[in-house]
Amino acid sequence: MTLAPGTTSPPHRLDDVPGWFPALDQLLFEWFLDRQESSGMRGDLLELGVYMGKSAIFLGRHLQDAERYTVCDLFEGSAPDDANKAESTKSYGALTRRAFEENYVSFHDALPRVLQGPSSVVPAEVAADSCRFVHIDASHLYEHVYDDIGAARDALLPGGVVVLDDFRSEHTPGVAVAAWEAVLTRGLRPICLSTQKLYGTWDDPGPVQEELLAAVREREDCHLSVQQAAGHRIVRFKSKKGMQAPPFPPSRYASRPNPDADRALTQQVGSATPRRSRTRRIAVDLLPPVLTRAIRGARARPTST
């Protein structure tokens, strides 16, 4: 992999990566993935639609030994139809594979397996019954989301979790139709809803819901409601003001406030051979807030002559 020469301001923290990944969903991803790992569950990870890599970077921290992590996105490639092309051009015109890869290797030693193309390539590339966690955030068009849900169902292991993004946004009605159609006619069972995502399974969601409800009831930063609809228990969470995302290690650039040093290191990373990290849970100290403010202030002040 060759990174873009002269790249400026690589991400120092996960929040520096552009994208939509609220604190509540980071907490829920962490809870589901930690639960799987603590129970000894093994299986691959899959994300359809990565944008600049924010949630992909987060997921990559949960990759265990002997597991495979696959991501799929059009990036700057050709869309399979005119509607998908218009959607991609309007919303993701600045997205390139290089930008995603640069962001990802700022936090990890090696890239995931990258499929560049429409998500329709996934069934041929990802084995059935191989994944424990699938995140769908690709095309918002109904016919594509319908197929992505089918691909997730085939790819998931028993007990696996699928997450559908933008299932209720006003600008993505195709996702809403495909998501609730899957619940009503295709066997998808909702585990919980956040403001932005639907978490589901094709297995019995009851035991998982009970554990999750017990965990959330101990928190003071989350609204909780439980409703019944069409034979399903609908558990809904909404973050309260001040909710904090789970701690996430800073990037390899976090201790280097000098932009010139950042650029030099970015180019060095591009020329190095990626190595797969075998240690996910390494404790890394974040920069103290006082130092962070001092660095930002120094960057904002003009250089005197």
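Computed from a predicted model, the values in this text were never measured in an experiment. Position numbers for residues count from 1 along each chain, tracking the sequence in the order it is written. Per-residue local features are limited, in this predicted model, to residues with pLDDT of at least 70; the limit for side-chain atom pairs, both in listing and counting, is 80 or more; totals at the level of whole chains, interfaces and linings are taken over all residues. Processing note: side-chain calculations cover all non-hydrogen atoms of the structure and skip hydrogens and water entirely.

Caption draft 1: Expanded view of the overall build of the chain. Secondary structure elements are defined from DSSP: runs of H or I of at least 4 residues count as helices, runs of E of at least 2 residues count as strands, and each element is numbered from the N terminus. What the chain contains, in helices and strands, is 10 helices and nine strands. The buried label goes to any residue with under 20% of its type's maximum accessible area, the exposed label to any with over 50%, and the partly exposed label to all in between, with areas taken from a 1.4 Å probe on protein chains only. Relative to its full complement of 305 residues, the chain shows a buried share of 49%. Residue contacts are defined here by distance: any two heavy atoms, one from each residue, within 4.5 Å place the two residues in contact. Look at the contacts in the chain between residues 6 or more apart in sequence, and 73% of them connect residues 24 or more apart. Every accessible area reported is derived by Shrake-Rupley at a probe size of 1.4 Å, with residue values counting cover from the shown protein chains alone. Within the structure as shown, the chain displays about 15,300 Å² of accessible surface, and the carbon and sulfur contribution to it stands at 51%.

Caption draft 2: Spotlight on helix 6 (residues 142-155). Under the 1.5 Å per step criterion, the end-to-end length of helix 6 is 20 Å for 14 residues, consistent within 8% with the ideal 20 Å. Of all the positions in helix 6, only H144, V145, D148, I149, G150, A151, A152 and A155 are classed as buried. Helices are assigned an expected span. That span is 1.5 Å times one less than the residue count.

Caption draft 3: Local environment of the confidence of the model for the chain. The pLDDT value tells you how sure the predictor is about a given residue, anywhere from 0 up to 100. The predicted model of the chain averages 84 in pLDDT, with 75% of residues at 70 or higher. Here residues 1-7 is modelled with pLDDT under 50, and outside its nearest four sequence neighbours on either side it reaches 22 contacts, counting other chains as well. Low pLDDT, under 50, characterises residues 268-305; the predicted model gives this stretch 45 contacts beyond four residues in sequence or across chains.

Caption draft 4: Representation of helix 1 (residues 23-38). Over its 16 residues, helix 1 extends 22 Å from the first C-alpha to the last, a length consistent with the 22 Å expected when each residue adds 1.5 Å. Every buried residue belonging to helix 1 is among L24, D25, Q26, L27, L28, F29, E30, F32, L33, Q36 and E37, and all of these are buried. Looking one or two places after helix 1, you find G40, whose phi comes out positive at around 85 degrees.

Caption draft 5: Local environment of the environment of V126. Turning to its location among the elements, V126 is positioned in the loop between helix 5 (122-125) and strand 4 (131-136). When the C-alpha positions of V126 and A152 are compared, they lie 9.7 Å apart, and in sequence the two are 26 residues distant. Setting aside its immediate chain neighbours within four residues, V126 contacts L46, T70, R113, C131 and A155.

Caption draft 6: Quick peek at the state of the cysteines. When two cysteine sulfur atoms are found within 2.5 Å, that pair is recorded as a disulfide. For the structure shown, the criterion picks out zero disulfides. For the unlinked cysteine C192, the closest cysteine sulfur is that of C222, found at 9.3 Å.

Caption draft 7: Local environment of the environment of V50. Take V50: it is sitting in the loop between strand 1 (44-48) and helix 2 (54-60). With a relative accessible area of 4%, V50 lands in the buried category. C-alpha of V50 to C-alpha of D73: the two residues are 23 residues apart in sequence and 6.2 Å apart in space. V50 has contacts with A56, V71, C72, D73, F75 and F100, leaving out every residue within four places of it along the chain.

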